[in-house]
Amino acid sequence: MSEPRLRPDVATLFDAGPVSPDSASAVRANARAVLGLVAGEADAIESAGRLTDPVLRAFRAAGLFEMGFPRSRGGLEMRLVDQVSVVAEVARVDASAGWNIAVLNAGGYYAGRLGADAYRELFPTRDLPTAGAFHPPGRAEQVPGGYLVSGNWDWGSGSYHAERIVGGCQVFDGGVPVLEDNGKQRLLGIWLPAGSVRLADNWRTIGLCGSGSTSYAVAEPAFVPAHHAFDREARPNPDADPLNKDVKIAHFPLTGVCLGLAQHAVDIALEAVRRRGDSPPDSATSQALGGALTEIDFCYAGILDIARRTDEVIFRPGETLDRVQTARMTAANTVAGNVLRRVLPICLDLVGARHVFETHPMQRVVRDATTALAHAGTRATHAGALATAVVDDPRAAATTPEADAFAAKSRS
């Protein structure tokens, strides 16, 4: 493992062993080393509505915003199994902190879509957090050399800390919508000029308060050069960098937030049961707690398996995800959300009425879960899309190819 290269004032923020973030194993070790700091700053993160300065500096130094940069740009290009694990580990301590990692890390994916000149201009170093929102889309009017961009965007997670901010924009030419071959209006992701972006400071929510997902705007049309944009809805490309072969891949690490929240709820419930001093606990308590534990175990294992199977495809040269594989990857967040929905009431019952007090740690989990489950990524439509993809493809496996082969052999 690399020798520490961190400044002394940053190194003190780590519990132990901060190392230069030049490998996936180093970043994962650094993530674990800042969990104590995250736990200690969780109240302040929620109160401030954004990451605190010590946590932000530690995350940047740890490489937690660099996981998605492609190897072709000198980046880590960490596999999805590692990225979702990092987010889940941090979200298990504080969901807002985990959310910031998942979203700001996506900047590396976007950066990988830039040309060489634009990349050098926008990312002289890779520790520059990049926020971005695509809905509602802004407006990009084509002009010589680029676009005049304006708009109002919601859900700008991490915008308070972002060194770069991306806005999704529909493209117009002389006021006429520019259409793609499929008839849809062209949607670009555009790096907005820093001086033109105004944060609304309107993130006042039930939960995930510390994600800082404020709205932002560019009120007066601002010029953006054409090379500071990428196709937000590009078709899958087997020749692209692994993490950019499909635009949907960038959202997968967010699955770790629901996983971490569910684990946090079970951690609190387990501690409550232990404090009662009943050993062994009564049958009803054992069954309830055991049900929650198994839900988490099997969900976590299943999602990591989906991550590995996705990695196997996208990290093979010349291959990209087919429709079923893409739908299965996207449905992982729905599964994690459903498990969180089932586990949370079990844990609340095990904790008892004390969770209604603001000082009880379970209350924040409940509030954070409410907001996390409102995210579009947890909707049941993603599971429905998987079913449709499997039905439409007669070659598609109903579960895993190995399980289908075993079932066929058993029936013969």
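Residues numbered from 1 in each chain as written. Predicted model: local features only at pLDDT ≥ 70, side-chain atom pairs only at ≥ 80, totals over all residues. Heavy atoms only, no water.

Caption draft 1: Representation of the pairing of strand 1 (residues 130-143). Two strands pair when backbone bridges link them, and strand 1 and strand 3 (residues 164-173) are joined in this way by eight bridges, in the parallel orientation. Its bridge partner being in strand 3, Ala131 is matched across the sheet by Ile165. Here strand 1 pairs with strand 2 (residues 146-156) via five bridges, running antiparallel. Bridging from a neighbouring strand, Arg139 pairs with Ser150 of strand 2. Where strand 1 folds back onto strand 2 in an antiparallel hairpin, the turn is made up of two residues, including Gly145, whose phi is positive at roughly 85°. (Pairing = 2+ DSSP bridges. Helix = DSSP H or I, 4+ residues; strand = E, 2+ residues; numbered from the N terminus.)

Caption draft 2: Region of the structure containing the packing of helix 9 (residues 283-314) against helix 10 (residues 323-351). Running from N to C, helix 9 and helix 10 point in directions that differ by 165°, and their axes come no closer than 10 Å. As the angle between them shows, helix 9 and helix 10 are arranged roughly antiparallel. The way helix 9 lies across helix 10 gives a crossing that is left-handed. Across the interface between the two elements, Thr285, Ala288, Leu289, Ala292, Glu295, Ile296, Cys299, Ile303, Ile306, Arg309, Thr310 and Val313 of helix 9 pack against Gln325, Arg328, Met329, Ala332, Val335, Ala336, Val339, Arg342, Val343, Ile346 and Leu350 of helix 10. Each residue belonging to the contact of helix 9 with helix 10 can be placed in one class, and the counts come to 16 nonpolar, three polar and four charged. (Axes fitted to C-alpha atoms, helices over the stretch in contact; angles between N-to-C directions. Parallel < 35°, antiparallel > 145°, perpendicular 65-115°, else oblique. Left-handed = near helix turned anticlockwise from the far one by under 90°. Contact = heavy atoms within 4.5 Å. Nonpolar A, V, L, I, M, F, W, Y, C, P; charged D, E, K, R; others polar.)

Caption draft 3: Helix 3 (residues 35-48), seen in detail. The end-to-end C-alpha distance of helix 3 is 19 Å, a good match for the 20 Å that 14 residues give at a rise of 1.5 Å each. Of all bends in helix 3, the biggest is about 55°, found at Glu41. Listed as buried for helix 3 are Leu37, Val38, Glu41, Ala42, Ile45 and Glu46. On its buried side, helix 3 packs onto helix 4 (53-62), helix 6 (95-111) and helix 11 (361-372). Of the residues flanking the end of helix 3, it is Gly49, one or two places downstream, whose phi is positive at about 75°. (Expected span 1.5 Å × (residues − 1). Bend = angle between axes of the 7 residues up to and from the residue. Buried < 20%, exposed > 50% of the residue type's maximum accessible area, 1.4 Å probe, protein only.)

Caption draft 4: Unusual backbone geometry, seen in detail. Here the bond from His135 into Pro136 is cis, since omega is -10°, no more than 30 degrees from zero. With respect to the helices and strands, the residue Pro136 is situated in strand 1. Look at Trp155: it is not a glycine, yet its phi comes out positive at around 60°. Looking at the element boundaries, Trp155 is found in strand 2. Assessed through its relative accessible area of 59%, Trp155 is described here as exposed.

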